[in-house]
Every structure is written in structure tokens, then in C-alpha cells.
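# Breakdown of the fold
One letter stands for each residue in the lines below.
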Amino acid sequence: MTPTQRRIAHCMVRRAADAPFLSSVELAELAGVSQPSVTRFAVALGFDGYPALRRHLREVAPTDKPGDTGSYNEYQQAVQAEIDNLRRLAAALADPSPVSEAGRLLAASRPLPVLGLRAATAQAAGFSYFARKVHPDVRLLDEGGTMLADRIDAAVRAGASALLCFALPRHPREVVDALDYARTAGLTVVTVADSAFAPVAHHTDLLLPAPVGTGLAFDTACAPMLLGRVLLEAMCDALPDAQARLEEFDAGAAARGLFVE
């Protein structure tokens, strides 16, 4: 698929319940593309046009429109959408093997670079904050620019074997370039992204999708955040001294009076 087609497909996956009822103009607006791009996308999939694609979606999807949310205001609808996203994440975790494998890869990497730019900066920073309590060397990569490749090189020279990336829309071109560079440098890339159709999908070795909410002016990312915590748990399981490190931190924090009880 072209980048524009991936963007449309990504939008349709995220809005799967609504997609059979959206006009081409509405879908184009949601995906941030032109209406003719939606028509060309449908033709590329083998349909005569977008109406034929929409009819197909109505045939294979439940016939009823998504549940009545007329009694909800826009804020409640956003919360309900995030609840649905968490349910989808829970269903995906029925097979824990991808997360377990990711945990092993991250635990074995010394140091462990964690990449997150723009919208994904908070996810990467949150993961890094907690990961440093159990992992001996976590390096947060939260700034782009010409220094990003230098920092990846430094991690490789220090012995890194894997890189964790958080990638959320809108996806910066720098992230795609950085992942390509990291893989060329020999790192195994694990990525938490908003969809299997995200632009980073072809630039990662192990992709872990977690949907984002799109009902507000700015996307909400409860599922990616929770998946990051699940990854932390998997990494702790793969680190034999994780519990000892946590206990050491707690003892030090108590001695310093670090937290208010």
C-alpha cells in the first residue's frame, strides 16, 4: 500500500464499527486525506468504487449500527471508546507470546534505548522511568534531529542488542528513519504502535499494536500506555534480579524520605 492507502486502512481499522456507515467524504476527513484518495483506495482493493466497498463492509459486519450512545456527551463517548480500545487490547493479549518475547529481548539488551518522539514522548518517558528501577541501563531517546543517529550508534557501541519504540499518530518521518537506521546498525526493533497498519510496521521486527482514541481534538492513548506497563512486567519476568532491584530502590527511597506516606 502507498502511505495514503495505509492511512485510510489504519483509519478504517480504528473506526471499524463506524466504517460501514461513513461516506467517502467523512472517511477522507477522518483519515486526513482527499476524497478521491478514498475512491482510489477502494478501487485498489478490487471494488468498483467506494460505495461497493461500503456495501461489502455492511454485508460482513453486524447489521446494527454501533450501540446507542445518544445519551452520552462527547466526553463520555471518548471514555467509552477508550474502554473499547482496552477490550481490544485484552483480546490481543490472549496470546501472550509476542509480549513475552519482547520482554526477553528488552531484558537482554544492555543498554536498552527507548525511542519516542512528539506524541509518543510521554509513553517512552513513562516506560523509561519505571524500567530504570529494574534494568541497569535504559537510555531515553526523546529528541529528534541529527543527534538521534549518534545516540543510536552510542547505544550499539555500548552493547545494545534491541531498541524499544513507541510510535503514535501522527507518525514523524524521523521515527521511520531512526528505525531503519537502528536495524541497519544491528538492533532488533520492538515497536508499540497504534495499529498493525502504522507507517512503522515495515520498519520493525516485532510490532505490538494498541489502538488510540480519536474522538477528541487530540488522540488518547490509554491502550498504548497500558501495553507499555505490560511490557515492563514481561521484562521484569525476564530479569532474574528485578525483584531485588525493586527492593533496593524502595529501601533507598525510605531512607531518603523520598515519598510522602
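The following paragraphs examine the structure supplied in this document. (Residues numbered from 1 in each chain as written. Predicted model: local features only at pLDDT ≥ 70, side-chain atom pairs only at ≥ 80, totals over all residues. Heavy atoms only, no water.)

## With respect to unusual backbone geometry
Residues R110 and P111 are joined by a peptide bond in cis, for which omega reads 5°. Mapping P111 onto the fold places it in the loop between α6 (97–108) and β1 (112–115). For the peptide bond that leads from P169 to R170, omega is -5°, which places it in the cis range. With respect to the element layout, R170 can be found in the loop between β3 (162–167) and α9 (173–184). Of note, the phi angle at R118 is positive, near 50°, even though the residue is not glycine. Looking at the secondary structure, you find R118 in the loop between β1 and α7 (121–131). For R118, a relative accessible area of 67% puts it in the exposed group. (Helix = DSSP H or I, 4+ residues; strand = E, 2+ residues; numbered from the N terminus. Buried < 20%, exposed > 50% of the residue type's maximum accessible area, 1.4 Å probe, protein only.)

## What to know about the packing of helix α8 (residues 147–157) against α9
Closest axis-to-axis distance for the α8/α9 pair is 10 Å, and the angle between their directions is 30°. Judged by the inter-axis angle, α8 sits roughly parallel to α9. Both α8 and α9 take part in a crossing whose hand is right-handed. On the side of α8, the interface is formed by L148, A149, I152 and D153, while α9 contributes E174, A178, Y181 and A182. Residue classes in the contact of α8 with α9 are distributed as 6 nonpolar, no polar and 2 charged. (Axes fitted to C-alpha atoms, helices over the stretch in contact; angles between N-to-C directions. Parallel < 35°, antiparallel > 145°, perpendicular 65-115°, else oblique. Left-handed = near helix turned anticlockwise from the far one by under 90°. Contact = heavy atoms within 4.5 Å. Nonpolar A, V, L, I, M, F, W, Y, C, P; charged D, E, K, R; others polar.)

## Considering a nonpolar patch on the surface
Nonpolar side chains collect at one region of the surface, where M1, V13, L45 and F197 lie side by side and expose about 340 Å² of accessible area between them. You can see M1 is positioned in the segment before α1 (3–14). On the basis of relative accessibility, which here comes to 54%, the residue M1 falls in the exposed class. (Patch = residues over 30% accessible without salt bridge, like charges linked within 9 Å, V, L, I, M, F, W, Y side chains within 5 Å. Areas by Shrake-Rupley, 256 points an atom, 1.4 Å probe, with all protein chains shown as cover. Salt bridge = Lys/Arg side-chain N within 4 Å of Asp/Glu carboxyl O.)

## A few points about the packing of aromatic side chains
Scanning the entire structure with this criterion turns up 3 aromatic pairs. Consider the rings of F127 and F166, whose centres lie 5.9 Å apart with planes at 55°: the pair is tilted. With F127 in helix α7 and F166 in strand β3, this pair connects stretches of sequence that are 39 residues apart. For F127, a relative accessible area of 0% puts it in the buried group. Centroid distance F249 to F259: 6.5 Å. Interplanar angle 55°. Geometry classified as tilted. (Phe/Tyr/Trp six-rings, centres within 6.5 Å; stacked < 30°, edge-to-face > 60°.)

## Section: the pattern of salt bridges
Counted according to the given criterion, the structure contains 6 salt bridges. The salt bridge involving D84 is made with R87; its shortest N-O contact spans 3.2 Å. With D84 and R87 both in helix α5 (residues 74–92), this residue pair falls 3 residues apart, about one helical turn. Here E101 makes a salt bridge to R104, at a shortest N to O gap of 2.8 Å. Of the two residues, E101 and R104 both sit in helix α6, 3 residues apart, roughly one turn of that helix.

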